[in-house]
There are 2 protein chains.
Amino acid sequence: MSESKIDRALLGLLRSLIKPAPLRLALGTPPSAVTPISSATPTVWIRDRRTLLALLRHPQMNFGDLYSAGKIQVEGDLVDLMVRASAMPETVVSRFLSRVTAWFQANTLRGSRRNIHHHYDLSNDFYKLWLDPEMLYTCAYFPDENAGISEAQTAKMDLVCRKLWLKPGETVVEAGCGWGAMALHMARNYGVKVRAFNISHEQIAFARDRAAREGMSDRVEFVEDDYRNISGHYDVFVSIGMLEHVGKSNYPEFSRVIQRSIGDAGRGLLHFIGRNRPRLLNAWIRRRIFPGGYPPTLRDVADIFEPHDYAVLDVENLRQHYARTLEYWLSAYERHFDEVVARFDMTFARMWRLYLAGSAAAFHAGGLQLFQVLFAGRKCASQPWTRARLFESAGSSEDDQCARAMS
Amino acid sequence: MSESKIDRALLGLLRSLIKPAPLRLALGTPPSAVTPISSATPTVWIRDRRTLLALLRHPQMNFGDLYSAGKIQVEGDLVDLMVRASAMPETVVSRFLSRVTAWFQANTLRGSRRNIHHHYDLSNDFYKLWLDPEMLYTCAYFPDENAGISEAQTAKMDLVCRKLWLKPGETVVEAGCGWGAMALHMARNYGVKVRAFNISHEQIAFARDRAAREGMSDRVEFVEDDYRNISGHYDVFVSIGMLEHVGKSNYPEFSRVIQRSIGDAGRGLLHFIGRNRPRLLNAWIRRRIFPGGYPPTLRDVADIFEPHDYAVLDVENLRQHYARTLEYWLSAYERHFDEVVARFDMTFARMWRLYLAGSAAAFHAGGLQLFQVLFAGRKCASQPWTRARLFESAGSSEDDQCARAMS
């Protein structure tokens, strides 16, 4: 066979592998420099035969690396491409390799520190480029579809506080507190005292600095430590976007930490990326972006609630909200793409673009879900009668609303 | 030992068995005729040594039968007593006997018919005595704590319809439709067409008659058949208070029935009595009241959603609402107690009193939960953005509310 015949055959093989994903494949480089713009059917440009062979070997893992290296380019909308690619079947080889990498990313105390450092200690300035000003790096809540990202992040914090019916004077422990926005928000607006744990050194330093600047250090304590080392007794346990990093085998221990912290009279909320069915995280995402990550199903998290007789009071699926959140992040990221290239390099910048676009696609297509689970111990008193509190205007009765409407 | 010494020793043994339940035990009959009234610590009067020995042999099973037979009487509030008794540990013997009765109550097609007939075909007139006028025999939803039972049952139906975002012209299949109130409510107020299944002959006859009287027969079809025989394709699947009768081993089949009915584009809601942890239903309840019954955990019901990639969108726990609903039923039942005795006999009347009081206690104490689970297939479009629709006044904007408040 001639060179081009072999290439055509290989391309045909790749096409048959990715079926039924509706996208175009082409060999070579696209006619002009390509940025993620909209077009009818997105085209994946594969630079050469070597790239094509690497892609055939382990598509799930190598697509990401080859894209990052610029050896694969995408003509058309990247999120749209990834949504289409989600129809692609996972190969047996991919699944096996996924499992192998998982073994090397166990969330022991030291493993967790390494895994979390990999992602969250990239530098606060990097995240500042494309997150909202409060630096919330978890799914937002859009009260209506036209809300902006800052408004939606504040609404998310209030949604969580209202679900937990926080009362002034109560104590809260937060497991995995990011840059501290949620802990500060709870203390400032709901009158609670918060101890917030995180093993990301950069994030804790940022959070402490912010607490000091805002005169909140007496009401919010930021502790640089693993959730497994949480001590003390609290009314409320909250964890936003950490469970994905805990790993299924650690749920019994996570459950004991909760029980130790809030006993039978407390309540809590877990906010996490999940699945409808058990499946490992995409191998590339796990290798390059989230080492040790595992998005659980609702069945999986029963390991957390059942052992200590916690009642699940409320589950809300915010899948659509995370797709929207990621689109906001991606568009801010694109605006600062050149800065990311300058700060790191082109490979890193393209890798993160792919991760954000791929995540948006996964939430759009339903491969990933976002669950908020509210739970309470069997001696928890004062549980609200309905969810109506979630939809009352802050600090105002119906009469106030009417008065405002009239004025 | 003298007669009374033996009795005292046996009573002491019973006391040590029921520890730590805070209640009083006494041998003999209470000073005067006892009805369920309030008092500080309820007293269980055990008529004689024979009764005491029977109680010691298998407390979980025999307490109910001895109470029904009038050989055990309760001084004080019966619900309160049952809440206190829920602190009692289950013995190994009780657990074993529970399992044995479970084998004889398998929910095969014929077993289900027998099991359902046992409870729901007691006679419609019996249920009319103590249910609300619409004959809803499932947990109500109290928008506020002071709502009455009729208002709360209507609110429950609207809550379910709003959660499911029903739209005029859509088709709904209902599995286990009771006396038909929900099917008729959906068709009348939400403009949908409903096919409703039930294997209780008495209930279906009642529902058909009502549909005819109300001129709804062209929009609601009542089918006397098992959920396993549901045919046709629908937009929405709904089941209120049937899953408890399905039995865990039938969840894979139940899941296939849902998938066959609504495919990947539909959505559905299951409303069912559940648990925080897996445990068989109390042996006496299962023998005398609900043969074949099993209240699942959220982990158990994953067998329904996972196989066909259904996303859980919303879970609400209405435990407190079921306790309140049961108190309404019990108090209506007490008002008609003499009629129940006249229609059946004293044993039956006391048995049902105990079942209603015991159920109220189980929801109060948290031994039972009530879950509403909303789910959707991965191709389901038009999913609402938030839950705000659940709390909007029917057919009125904020302005309308203000106008009404002003007038």
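Before any of the text, the structure's been laid out above.
As a starting point, this report considers the structure included with it.

Calculation criteria
- Residues numbered from 1 in each chain as written.
- Chains lettered and ligands numbered in written order.
- Predicted model: local features only at pLDDT ≥ 70, side-chain atom pairs only at ≥ 80, totals over all residues.
- Pairing = 2+ DSSP bridges.
- Helix = DSSP H or I, 4+ residues; strand = E, 2+ residues; numbered from the N terminus.
- Axes fitted to C-alpha atoms, helices over the stretch in contact; angles between N-to-C directions.
- Buried ≥ 20, exposed ≤ 12 C-beta atoms within 10 Å, placed from the backbone.
- Contact = placed C-beta atoms within 7 Å.
- Least-squares fit on C-alpha atoms with pLDDT ≥ 70 in both.
- Expected span 1.5 Å × (residues − 1).
- Core = buried A, V, L, I, M, F, W, Y, C linked by C-beta atoms within 7 Å.
- Nonpolar A, V, L, I, M, F, W, Y, C, P; charged D, E, K, R; others polar.

With that out of the way, let us pick up the sheet that holds strand S3 (residues 72-75) of chain B. Residues and elements named next belong to chain B. Spatial strand order, S1-S2-S3: 3 strands in an open sheet with mixed pairing. Lying at the two open borders of the sheet, with one neighbouring strand each, are strand S1 (24-27) and S3. When strand polarity is set aside, the average angle formed by the axes of neighbouring strands in this sheet is 25 degrees. Alignment of S1 against strand S2 (residues 43-46), held across 4 bridges, turns out to be parallel.

Tracing the sequence through the fold places Val315(B) in strand S9 (residues 311-317). What makes Val315(B) buried here is the crowd of 24 C-beta atoms within 10 Å. Each C-alpha atom, one on Val315(B) and one on Val236(B), is 17 Å from the other, the two residues being 79 residues apart in sequence. Once residues within four sequence positions are removed from consideration, Val315(B) is found in contact with Val312(A), Asp314(A), Val315(A), Leu298(B), Phe371(B) and Val373(B).

So, on to the relation of the copies chain B and chain A. Mapping chain B onto chain A is achieved by rotating through 180 degrees and translating by 0.0 Å along the same axis, at an RMSD of 0.1 Å. Read as a symmetry element, the transformation amounts to a two-fold axis. Take the interface residues of chain B: 97% of them recur as interface residues in chain A, which is what a same-surface contact looks like.

Residues and elements named next belong to chain A. Look at helix H11 (residues 251-262): 16 Å from first C-alpha to last across 12 residues, which is about the 16 Å you get at 1.5 Å a residue. Where H11 is buried, its residues contact strand S4 (171-175), strand S7 (236-240), strand S8 (267-274) and helix H13 (298-305). Once H11 finishes, Gly 263 follows within two positions and takes phi at roughly 60 degrees, a positive value.

Counting 232 residues, the largest nonpolar core has Met186(A) and Met186(B) as its most contacted members. Once residues lying within four places of it in the same chain are set aside, the contact partners of Met186(B) are Cys161(B), Leu166(B), Val172(B), Val192(B) and Val194(B).

Let's shift gears to the interface of chain B and chain A. Chain B puts 37 residues into the contact, and the matching count from chain A is 36 residues. Elements that contribute at least two residues to the side of chain B that touches chain A include exactly helix H13 (298-305), S9, helix H14 (319-335) and helix H17 (398-406) of chain B. In terms of residues, the side of chain B that touches chain A owes the most to one element, S9(B), which gives 7 residues. Looking at side-chain class alone, the side of chain B that touches chain A contains 15 nonpolar, 9 polar and 13 charged residues. Strand direction decides the pairing type here: strand S9 (residues 311-317) of chain A and S9(B), joined by 3 bridges, are antiparallel.

Fair warning: the whole summary comes from geometry, so function is off the table for now.
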